[in-house]
Number of protein chains: 2
Amino acid sequence: MDPMATFFKARTVAVIGAARETHKIGHVMFRNFLDSGFGGRVYPVNQKAKKILGRRCYPSVMDVPGRVDLAVVSVPAKAVRQVIQECGKKRVRSAIIITSGFGEIGNTAGEEEIRVELKRQGIRAIGVNCLGVFDPKTGVDTLFLPRHRLERPKPGHISFMSQSGAIGSIVLDWMAMKGYELSKFISYGNATDVDETDLLEFLARDRDTRVICMYLEGVKRGREFYRAAKRISKRKPIIVLKGGTTEEGTKAVSSHTGSLAGSDSIYNAVFEQAGIIRAGDLEQIFDFARMLSTQPKPRGDRVQVVTDGGGFGIMMTDWLVKNGLSMAKLSEKTVKTLKSKASAYTIIKNPMDLTGAATAGMYKLAIDACMRDRNVDMVVAIVLFQVPQLTSEVIEILTEANRKKSKPFVVVAAGGRYTETMKKKLEASGIPCFSYPERASQALNALREFAGG
Amino acid sequence: MDPMATFFKARTVAVIGAARETHKIGHVMFRNFLDSGFGGRVYPVNQKAKKILGRRCYPSVMDVPGRVDLAVVSVPAKAVRQVIQECGKKRVRSAIIITSGFGEIGNTAGEEEIRVELKRQGIRAIGVNCLGVFDPKTGVDTLFLPRHRLERPKPGHISFMSQSGAIGSIVLDWMAMKGYELSKFISYGNATDVDETDLLEFLARDRDTRVICMYLEGVKRGREFYRAAKRISKRKPIIVLKGGTTEEGTKAVSSHTGSLAGSDSIYNAVFEQAGIIRAGDLEQIFDFARMLSTQPKPRGDRVQVVTDGGGFGIMMTDWLVKNGLSMAKLSEKTVKTLKSKASAYTIIKNPMDLTGAATAGMYKLAIDACMRDRNVDMVVAIVLFQVPQLTSEVIEILTEANRKKSKPFVVVAAGGRYTETMKKKLEASGIPCFSYPERASQALNALREFAGG
């Protein structure tokens, strides 16, 4: 098997440094494998323990019976090298090294030793100083963060890789809460062996991944990364959030993972030429990813807005225009049809205002007309679910409008618990939902840019 | 009583246009008064009904026994004038007119008639075409949006007024969900009589209001508004979100409340001179309001960051600098103290990185040192609650750090449900919490600008 694929599809895993003490990293990690629905076999390795969570423990990976696909390593820094040698003897081909205490604290010599040893043993490794991987489909989960504190998302089509473990982990937690779905998660830390370019290439060929998302602080092999991105971005969207964009932030990077951050304007230029979509913050990565993984390419930049709140329509207009999109002008035919069928209160303009008297039927009439109109490239439905005459039937109407995938379609809905419940239903059916006009506009613009508009 | 105060403190209310049919506006509004813990008396007025929700109904406001402080009007547009005349006869001094169908649909003559009639009868009125008011302290609630769809926030010190009813209502709903607290809410629609300047003056003298927030599409009496804002902003922060900032958005305004939006750059200049803090989006209004209503004025712009996630520290640094703040440089004394007491892993810089091994005690040590250091004007604690050794004791430590109010203090914490639970506890104790570095930085900058830094 491809040693890169093994990180996610391993059938036998050795957790080297598994621990009995419940607060220890090695314990949480081992328990995750037991709790995660991992379908393969997992073996705890610990020189001192006989049993962990009722499972027989082995003093070395070499003592584990049968083949081992993947070693997950969380032993102290000074013991890592020997563990790698033992993995080599056991013919393990893939390792995830969680252990920290290398380049990030100035111990570059120690990290170089690890790199050399991995090469010598023919092992591909993610790490050091990382959280490792999580694949909700196979249940491989090397995160040492307990599930009651950090929830895991369900299987889907968005993959996310992060140099920073902290950022990676909160992204997972937040995706789970929002109901966003995940293909593969990788926290790769110092990139001692496997780096962003390797992971990019792997996710490009991974069929479950429709959109590749990254949090980067720096890039190890700049030229290779650029070439790979340029090739891949033509068929799969690559979305990047870059940390360390100011001089002060760059300084902070060097004391974090020890990588050089480089000038932000250089990154900007390179990203643009490579066809990489740049996100401005964490939330935006997923605003863009959900949009790009669910919606068709638009034919142009003309957006029609349908709303039941006038003020929201105005804010939406402002943000669409600020983000370089234009307001569609409905054809005479559409206006005529709507004038004959819509309620007297409906303001048939752009934004089309159904007012606080909006009903599910009025949304159907309006959205169907916009979807058919050749002057409209994308449709935004602002749905303030709070208005009294709007029944939950509107969910079916919106879902149906999206099902045809004839034009990009998004919903903007803001409010409290009732609204959030409604939005989760829409998200589950594949409609990107946003709370505020600003984020929806930016995501629509990202989609248009990816479409080459 | 001050007829402006009566809108919020009325003891006897007549709901004119109360209805039996549960989906009707007049019904929902009447029921809200019964459900809201309103301590006064409420009378339904309807020519045709004898009883509504078991309460005796009156054919006209003139038939209601005793004094009526406030009339809430939701009769059809053509009946509004007569209702005002009857209110005049009953010596009602304050009215909230929910009814739409005036200036916003081109019926300016009809609206002018209402204005003249209100003057003639000596009645101050909020509306027309509005949701009216909500005061969680007194229970006055004229919103026709049912509570199971739109929750109401608890009593607090932030007031919010909105020209747009839709925006006003979703803000309420969202505040309730987030646990943000409210002093007074006003949706004033077309501002036929009471306008933004009247409301601004009222909220300035209202003791329960510490921060005044507004969503504006236009201003009716520009000069008066400017003068009032300039005077008031010296002692109470005024935060404004302006709708209709692009040419297209401005066009949309005119078909919404029928008011002229004016050029955005003019508003920008006027707002700045008047000491008004301008918010970029709805969330930001409350980012700023929570900051300004809970935190002391900073002495300068130097921010110290304490974090348990390196990547988050970097993002925070970027955003602080982008927002015009500077990174504090700890005094030699502080560095020395921390070196002797902090764990070997702690990176004593700015950001100060406690790493994923952070404990509650480490946060206490670090934050206390920053609070004492004269080189530090504001402190940001990034707390990724997911890390395994961080116990809930940290909540007490953060709360204690904030209690002294010696320097502005905020918490940045991102994640899922567990994190949200922790953040709600912190918010309840008066610490502004943010999910992302960007928003925290913008809010710190707003605080510094209000302090005149």
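Residues numbered from 1 in each chain as written. Chains lettered and ligands numbered in written order. Predicted model: local features only at pLDDT ≥ 70, side-chain atom pairs only at ≥ 80, totals over all residues. Heavy atoms only, no water.

Caption draft 1: Looking closely at the overall build of chain A. In terms of regular secondary structure, chain A is built from 16 helices and 20 strands. Its C-alpha atoms give chain A a radius of gyration of 25 Å, near enough to 22 Å, the size a compact globule of 453 residues would have. If you line up chain A on its principal axes, its C-alpha atoms span 80 × 50 × 35 Å. Counting the 453 residues in chain A, one finds 65% classified as buried. Taking all contacts inside chain A whose residues are at least 6 apart in sequence as the whole, residues at least 24 apart take part in 74%. Carbon and sulfur atoms form 50% of the exposed surface of chain A, whose accessible area is close to 17,200 Å². (Helix = DSSP H or I, 4+ residues; strand = E, 2+ residues; numbered from the N terminus. Rg over C-alpha atoms; globule rule 2.2 N^0.38 Å. Buried < 20%, exposed > 50% of the residue type's maximum accessible area, 1.4 Å probe, protein only. Contact = heavy atoms within 4.5 Å. Areas by Shrake-Rupley, 256 points an atom, 1.4 Å probe, with all protein chains shown as cover.)

Caption draft 2: How the structure looks around the relation of the copies chain B and chain A. With an axial shift of 0.0 Å and an RMSD of 0.0 Å, the rotation relating chain B to chain A amounts to 180°. In symmetry terms, the pair is related by a two-fold rotation axis. Here 100% of the interface residues in chain B have copies in chain A that are interface residues too; the copies meet face to matching face. (Least-squares fit on C-alpha atoms with pLDDT ≥ 70 in both.)

Caption draft 3: Just the interface of chain B and chain A, in detail. On the side of chain A, 66 residues touch chain B, which itself brings 66 residues to the contact. Taking both partners together, chain B and chain A bury about 5,400 Å²; carbon and sulfur atoms supply 63% of that area. Measuring nitrogen to oxygen at the nearest pair gives 2.8 Å for the salt bridge that ties R417 of chain B to E151 of chain A. One can count 14 residue pairs in polar contact (both at pLDDT 80 or more) joining chain B with chain A. Where the side of chain B that touches chain A is concerned, the elements lending two or more residues are helix 5 (165-178), helix 8 (247-254), helix 10 (282-294), helix 11 (310-322) and helix 15 (417-428) of chain B. (Buried area = accessible area lost by both parts, 1.4 Å probe. Salt bridge = Lys/Arg side-chain N within 4 Å of Asp/Glu carboxyl O. Polar contact = N/O pair within 3.5 Å; in protein donor to acceptor, adjacent residues only side chain to side chain.)

Caption draft 4: Inspection of the pattern of salt bridges at higher detail. Residues and elements named next belong to chain A. For the coordinates displayed, the defined rule picks out 54 salt bridges over all chains. In this structure, E117 engages R120 in a salt bridge whose closest nitrogen and oxygen atoms are separated by 3.0 Å. Of this pair, E117 and R120 are both found in helix 4 (residues 108-121), three residues apart, which corresponds to roughly one turn of the helix. Counted as one network, the salt bridges with shared partners bring together D281, E283, D287, R290, E427 and R439.

Caption draft 5: Inspection of unusual backbone geometry at higher detail. Cis rather than trans, the peptide bond between N350 of chain A and P351 of chain A has omega equal to 0°. Within the secondary structure layout, P351 of chain A lies in the loop between helix 12 (332-341) and strand 17 (352-353). Across the junction of G127 of chain B and V128 of chain B, the peptide omega takes the value -5°, indicating a cis bond. With respect to the helices and strands, the residue V128 of chain B is situated in the loop between strand 7 (124-127) and strand 8 (132-135). The phi dihedral of R91 of chain A is positive, around 60°, even though this residue is not glycine. On the basis of relative accessible area, R91 of chain A is assigned to the exposed category, the value being 64%.

Caption draft 6: Structural detail: helix 4 of chain A. All names here are of chain A. Helix length check: helix 4, at 14 residues, gives a terminal C-alpha distance of 20 Å against a target of 20 Å (1.5 Å per residue), a fit within 8%. Packed against the buried residues of helix 4 are helix 3 (80-89), strand 6 (94-97) and strand 7 (124-127). Phi for G122, located one or two positions after helix 4, is positive at around 70°. (Expected span 1.5 Å × (residues − 1).)

Caption draft 7: Spatial organisation of the packing of aromatic side chains. As enumerated under the stated definition, the model contains 18 aromatic pairs over all chains in all. Between W174 of chain A and Y180 of chain A, the aromatic rings sit 5.5 Å apart at their centres with planes inclined by 85°, giving edge-to-face as the arrangement. Just as W174 of chain A is buried, Y180 of chain A falls in that class too. Between W174 of chain B and F286 of chain B, the ring centres sit 5.7 Å apart and the planes meet at 65°, which makes this aromatic pair edge-to-face. Taken as a pair, W174 of chain B in helix 5 and F286 of chain B in helix 10 lie far apart in primary sequence, 112 residues in all. For the pair formed by W174 of chain B and F286 of chain B, the shared burial category is buried. Its end group placed over the ring of Y267 of chain A, K242 of chain A keeps NZ or CZ at 4.5 Å from the ring centre. Seen from the ring of F8 of chain B, K184 of chain B lies directly overhead, with NZ or CZ sitting 6.0 Å from the centre. (Phe/Tyr/Trp six-rings, centres within 6.5 Å; stacked < 30°, edge-to-face > 60°. Lys NZ or Arg CZ within 6 Å of the ring centre and 35° of its normal.)

Caption draft 8: The environment of T245 of chain B, seen in detail. Considering the arrangement of structural elements, one finds T245 of chain B in the loop between strand 13 (238-242) and helix 8. For the pair T245 of chain B and Y188 of chain B, spaced 57 residues apart in sequence, the C-alpha to C-alpha distance is 20 Å. Apart from residues lying up to four places away in sequence, T245 of chain B is in contact with D318 and K322 of chain A together with D264 and R278 of chain B.

Caption draft 9: Representation of the sheet that holds strand 13 (residues 238-242) of chain A in the model. Residues and elements named next belong to chain A. As summarised here, the arrangement of the seven strands in space is 9-8-11-10-12-13-14, forming an open sheet in which the pairing is mixed. Here the strands that pair on one side only, and so sit at the sheet edges, are strand 9 (140-141) and strand 14 (277-278). Bridge analysis of strand 10 (residues 155-162) against strand 11 (residues 182-187) gives five bridges, and the strand direction is parallel. Bridged to I158 within strand 11 is L182. Against the sheet, helix 5 (residues 165-178) makes contact with strand 8 (132-135), strand 10, strand 11 and strand 12 (211-216), and its axis sits at roughly 160° relative to strand 11, the strand it touches most. (Pairing = 2+ DSSP bridges. Axes fitted to C-alpha atoms, helices over the stretch in contact; angles between N-to-C directions.)

Caption draft 10: Expanded view of empty space enclosed by the protein. For the coordinates displayed, the defined rule picks out three cavities of 30 Å³ or more. For the second largest cavity, the calculated volume is near 40 Å³. D281, E283 and R439 of chain A together with Y436, E438 and R439 of chain B are the residues that line the second largest cavity. Residues that form the lining of the second largest cavity fall into these classes: one nonpolar, no polar and five charged. (1 Å grid on protein atoms, 1.4 Å probe; cavity = no way out; pocket = protein on both sides within 12 Å on 5 of 7 lines; lining within 4 Å. Points joined across faces, edges and corners; volume = space filled by probe spheres on them. Nonpolar A, V, L, I, M, F, W, Y, C, P; charged D, E, K, R; others polar.)

Caption draft 11: Examining the environment of V376 of chain B more closely. All names here are of chain B. Of note, V376 is situated in the loop between helix 13 (360-372) and strand 18 (378-382). By relative accessible area, which is 2% here, V376 ends up buried. With 36 residues separating them along the chain, V376 and S340 place their C-alpha atoms 20 Å apart. Not counting the four nearest positions on each side in its chain, V376 is found in contact with R302, Q304, A328, L330, C370 and K407.

Caption draft 12: Highlighting the pairing of strand 2 (residues 41-45) of chain B. Residue and element names in this part refer to chain B. Burial runs high along strand 2: four of the five residues are buried. Where strand 1 (residues 12-16) and strand 2 come together, five bridges link them in parallel fashion. If you follow A14 over to strand 2, its bridge partner there is Y43. Following the backbone out of strand 1, through helix 2 (residues 25-35) and into the adjacent parallel strand 2, one traces a crossover that is right-handed. (Right-handed = clockwise from strand over helix to strand, strands pointing away.)

Caption draft 13: Structural detail: the sheet that holds strand 10 (residues 155-162) of chain B. Strand order across the open sheet formed by seven strands is 9-8-11-10-12-13-14 (chain B), with mixed pairing between neighbours. Edge positions in the sheet fall to strand 9 (140-141) and strand 14 (277-278) of chain B, since each has one partner strand and no second.

Caption draft 14: Examining the packing of helix 3 (residues 80-89) of chain B against helix 4 (residues 108-121) of chain B more closely. All names here are of chain B. Between helix 3 and helix 4, the shortest axis-to-axis distance is 9 Å and the interhelical angle comes to 5°. It follows that helix 3 is roughly parallel to helix 4 by the angle criterion. On helix 4, the residues touching V80, R81, I84, Q85, G88 and K89 of helix 3 are E113, I114, E117, L118, R120 and Q121. Residue classes in the contact of helix 3 with helix 4 are distributed as four nonpolar, three polar and five charged. (Parallel < 35°, antiparallel > 145°, perpendicular 65-115°, else oblique.)

Caption draft 15: Region of interest: the state of the cysteines. Residue and element names in this part refer to chain A. What the rule picks out here adds up to zero disulfides over all chains. For the unlinked cysteine C130, the closest cysteine sulfur is that of C87, found at 14 Å. Classification of C130 by relative accessible area gives buried; the value is 5%. (Disulfide = S-S within 2.5 Å.)

Caption draft 16: The packing of helix 15 (residues 417-428) of chain A against helix 5 of chain B, seen in detail. In the contact formed by helix 15 of chain A and helix 5 of chain B, the axes pass within 8 Å of each other and the chain directions differ by 95°. As far as their axial angle goes, helix 5 of chain B and helix 15 of chain A are roughly perpendicular. Every residue of helix 5 of chain B that contacts helix 15 of chain A at R417, T419 and E420 of chain A is listed here: D173, A176 and M177 of chain B. Taken together, the residues that form the contact of helix 15 of chain A with helix 5 of chain B break down as two nonpolar, one polar and three charged.

Caption draft 17: Examining the confidence of the model for chain A more closely. Mean pLDDT for chain A: 92, with 98% of residues reaching 70 or above. For this predicted complex, the interface score ipTM comes out at 0.77, while the overall pTM is 0.84. (pLDDT = per-residue confidence, 0-100.)

Caption draft 18: Looking closely at the pairing of strand 11 (residues 182-187) of chain B. All names here are of chain B. Among the six residues of strand 11, six are classified as buried, and the element is accordingly described as predominantly covered. Where strand 8 and strand 11 come together, three bridges link them in antiparallel fashion. By the bridge assignment for strand 11, G132 is matched with S187.

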